[in-house]
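Structural description and commentary
Read off the chains here:
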Amino acid sequence: MRTVVGLATALVCLSLTGHRAHAVAPESPPADHSRLMAYRSRDGREIPVRSAEDWAVRRRQIIEGMEAAMGKLPDRSKLPAPEFRVKRQIEGDRFHRLEIAYRVDEDEWVPAHLYLPKNRPVGQRVAAVVAMHGTTQLGKKQLSGEPGSPPNRCYAVELAQRGYVVLAPDYPSFGDYPCDFRDPKWASGTMKGIFNHIRGVDLLVAREEVDPERIGAIGHSLGGHNAMFLGVFDPRIKAVVSSCGWTPFHDYYGGKLVGWTSDRYMPRIRTEYQLDPNRMPFDFDEVAAALAPRAFFSNSPLRDSNFDVAGVKKAEPRVRAVYALLGASDRFEVVYPDAGHDFSSEVRQVAYRFLDRALAQRP
């Protein structure tokens with residue numbers, strides 16, 4: 001891995017709309033996405049899921065549905081090697097924080113914070129986490145614990161203090177990452193974010209401090225569902241923590257999906273699926289189940305005004321059935337604190353212990 005000191009180039013995101021008008025919705029989406037334990041045959045018959053092999057078929061169909069709304073994940077076989085540029089280094093409590101930009105394509109770099117734990121025993125590899133921020137112009141700085149950052153969002157700092165290597169990137173159009181979303185390469189800001197986050201995992205895997213078999217993802221709100229999306233598309237993610245990040249589409253503001261349709265998210269929900277949850281090619285109980293058998297922790301507060309807890313409670317037993325089928329019942333945990341759209345200190349500590357167990361990390 002190459003490291004270049006000094007950040008001199010402008011950080012301009014490739015834009016993302018272009019060929020959306022040519023997108024074609026699937027002709028035969030599953031009639032009911034909540035029926036996780038059944039898949040569709042090529043002739044449209046519903047086949048029960050009774051084995052891990054059956055689930056692999058169902059999971060492929062979930063990914064196809066996600067890509068119908070988000071656009072295809074690009075081929076990554078000819079991408080440049082992981083590389084980053086350092087703007088400056090800040091000394092924190094038990095960690096060094098590097099302000100960097102990491103390379104995602106030939107001419108594109110993503111701004112990020114890279115937290116490196118101090119006093120790591122020589123030659124010992126540790127677990128790593130991709131930490132994703134919420135919907136805020138602060139971007140990655142939301143997770144820094146610095147003055148001006150909100151309370152209960154400092155999970156990047158807290159995980160670094162527990163000994164994790166942490167990468168906290170900006171999502172396109174937030175923080176230091178401008179984006180005008182008009183490049184025909186990308187059908188959605190969501191898929192662009194997934195691609196960037198996968199390249200972040202490439203960067204972590206290349207670092208000598210990181211055990212490539214012990215990488216997780218964590219996020220709140222926007223970061224919560226992006227952590228789930230990354231876990232679905234990148235099998236190197238072994239554990240996911242999503243705080244206030246999901247509910248089935250019918251339960252999102254009573255099925256009003258306009259909040260998902262800006263250029264930075266999934267415009268096809270408007271242009272191809274007419275804002276109708278019944279026409280959507282995927283749903284969030286499928287996304288949660290597609291993480292199995294890897295570890296998944298969901299913080300779903302009782303008074304979350306964005307992601308209605310009623311939908312999560314309906315989805316939980318369906319997702320749990322998939323984890324049971326795969327012999328991983330102990331790797332799926334949902335907590336329902338009496339709180340609003342928040343990631344409280346108490347719940348964060350529970351989530352961190354979940355990550356410690358899943359990633360064999362000793363804090």
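In what follows, the structure referred to is the one given above.
Reading guide: rules and limits
- Position labels on residues start from 1 in each chain and follow its written sequence.
- Reporting of local features is limited, given that this is a predicted model, to residues whose pLDDT is at least 70; pairs of side-chain atoms are given and counted only at 80 or more, and all residues count toward the totals for whole chains, interfaces and linings.
- For side-chain calculations, the full set of non-hydrogen atoms in the structure is used, while hydrogens and water are omitted.
- In this text, helices come from DSSP runs of H or I with a minimum length of four residues, and strands from runs of E with a minimum of two, each type numbered from the N-terminal end.
- It is over C-alpha atoms that the radius of gyration is taken, and the globule rule equals 2.2 Å times the number of residues to the power 0.38.
- Burial status follows relative accessibility: with a 1.4 Å probe on protein chains alone, a residue under 20% of its type maximum counts as buried, one over 50% as exposed, and anything between as partly exposed.
- We call two residues in contact whenever any of their non-hydrogen atoms come within 4.5 Å of each other.
- The Shrake-Rupley method, run with a 1.4 Å probe sphere, supplies the accessible areas, and residue values consider only the shown protein chains as cover.
- His is not counted here, nor are the chain ends, while Lys and Arg score as positive and Asp and Glu score as negative.
- To locate a charge, the coordinates of NZ of Lys, CZ of Arg, CG of Asp or CD of Glu are taken.
- Every axis corresponds to a line fitted to the C-alpha atoms, with the helix fit spanning only the stretch in contact, and the corresponding angles, defined between N-to-C directions, vary from 0 to 180 degrees.
- Angle categories: roughly parallel below 35 degrees, roughly antiparallel above 145, roughly perpendicular from 65 to 115, and oblique for all the rest.
- Rotating anticlockwise by less than a right angle from the far helix to the near helix defines a left-handed crossing, while the corresponding clockwise rotation defines a right-handed one.
- Gly counts as polar in this scheme, as do all residues outside two lists: the nonpolar Ala, Val, Leu, Ile, Met, Phe, Trp, Tyr, Cys and Pro, and the charged Asp, Glu, Lys and Arg.
- Classification of ring pairs rests on two measures: the distance between centres of Phe, Tyr or Trp rings, Trp counted by its six-membered ring, which must be within 6.5 Å, and the angle between planes, read as stacked under 30 degrees, edge-to-face over 60 and tilted in between.
- By this definition, two strands are paired if DSSP reports at least two bridges between them.
- Every crossover in which the path from the first strand over the helix to the second runs clockwise, viewed with the strands pointing away from the viewer, is termed right-handed.

Some details on the overall build of the protein chain
From N to C terminus, the protein chain includes eight helices and 12 strands. Against the 2.2 N^0.38 benchmark of 21 Å for 363 residues, the protein chain shows a C-alpha radius of gyration of 20 Å, consistent with a compact globule. In terms of principal-axis extent, the alpha carbons of the protein chain reach across some 55 × 45 × 35 Å. Expressed as a percentage of its 363 residues, the buried residues of the protein chain come to 59%. Long-range pairs, those at least 24 residues apart, make up 73% of the contacts in the protein chain with a sequence separation of at least 6. Accessible surface computed for the protein chain: about 14700 Å², of which carbon and sulfur atoms make up 50%. Here the protein chain carries 50 positive and 45 negative side-chain charges, and the mean point of each set is 2 Å from the other.

Description of the packing of helix α1 (residues 52–70) against helix α4 (residues 222–233)
With their axes 11 Å apart at the nearest point, α1 and α4 run at an angle of 125° to one another. When the axes of α1 and α4 are compared, the pair comes out oblique. Where α1 crosses over α4, the handedness of that crossing is left-handed. Taking contact as the criterion, the partners of R59, I63, M66, E67 and M70 in α1 are, on α4, F229, G231, V232 and F233. Looking at the contact of α1 with α4, its residues break down into six nonpolar, one polar and two charged.

Remarks on the packing of aromatic side chains
According to the stated counting rule, one finds 19 aromatic pairs in the structure shown. With a centroid separation of 5.4 Å and 65° between ring planes, the pair formed by F249 and F284 is classed as edge-to-face. Here F249, found in the loop between β10 (237–243) and α5 (268–271), pairs with F284, found in helix α6 (residues 284–289); they are 35 residues apart in sequence, far enough to count as distant. You'll find F249 and F284 in the same group, each marked buried.

Some remarks on the pairing of strand β9 (residues 210–220)
Within β9, nine of the 11 residues are buried, which leaves it mostly tucked inside the rest of the structure. Pairing between β9 and β10: six bridges, direction parallel. Paired with H220 across the bridge in β10 is S243. Tracing the backbone out of β9, into α4 and back to the parallel element β10 gives a crossover that is right-handed.

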